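# Reading the structure
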Amino acid sequence: MVSATPPIVKAGALYNGKVASQLLGIHRNTLRAYVKANVIKAVIDKITGRRLYEGRELVRFWNSRIH
């Protein structure tokens, strides 16, 4: 279940999976499942190949789950 309080983020900032899942109040595996299901979009870091999550995308996702 997603956190009852909206994530406090900077719109253009990028967050790694651990921080993004903490902000949303979900497990990291749940976040990965949402990415796989195309419910939330991740950006791939060109240098490290890791998934990053934009602040505005976290808020958009949170709003879609709460309302």
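Notes on the structure follow. (Residues numbered from 1 in each chain as written. Predicted model: local features only at pLDDT ≥ 70, side-chain atom pairs only at ≥ 80, totals over all residues. Heavy atoms only, no water.)

## As for the pattern of salt bridges
This structure, assessed with the given rule, holds two salt bridges. Residues Arg 60 and Glu 57 are paired through a salt bridge, measuring 2.7 Å at the closest nitrogen-oxygen approach. You can see Arg 60 and its partner Glu 57 sitting in helix α3 (residues 55-66), three residues apart, about one turn around the helix. (Salt bridge = Lys/Arg side-chain N within 4 Å of Asp/Glu carboxyl O. Helix = DSSP H or I, 4+ residues; strand = E, 2+ residues; numbered from the N terminus.)

## Some points on the environment of Lys 36
Inspection of the secondary structure puts Lys 36 in helix α2 (residues 28-36). Since its relative accessible area comes to 75%, Lys 36 is described here as exposed. Through-space distance from the C-alpha of Lys 36 to that of Ile 8 is 24 Å; in sequence the pair is 28 residues apart. (Buried < 20%, exposed > 50% of the residue type's maximum accessible area, 1.4 Å probe, protein only.)

## So, the packing of aromatic side chains
Per the counting criterion, the structure on display carries one aromatic pair. When the ring of Tyr 34 is compared with that of Phe 61, the centres are 5.0 Å apart and the planes differ by 50°; the resulting orientation is tilted. Highlighted residues: Tyr 34 in helix α2 and Phe 61 in helix α3, separated in sequence by 27 residues. Relative accessible area serves as the criterion here: at 0%, Phe 61 is assigned to the buried category. For Arg 65, the ring lying beneath its charged end belongs to Tyr 34, and the centroid distance is 5.1 Å. (Phe/Tyr/Trp six-rings, centres within 6.5 Å; stacked < 30°, edge-to-face > 60°. Lys NZ or Arg CZ within 6 Å of the ring centre and 35° of its normal.)

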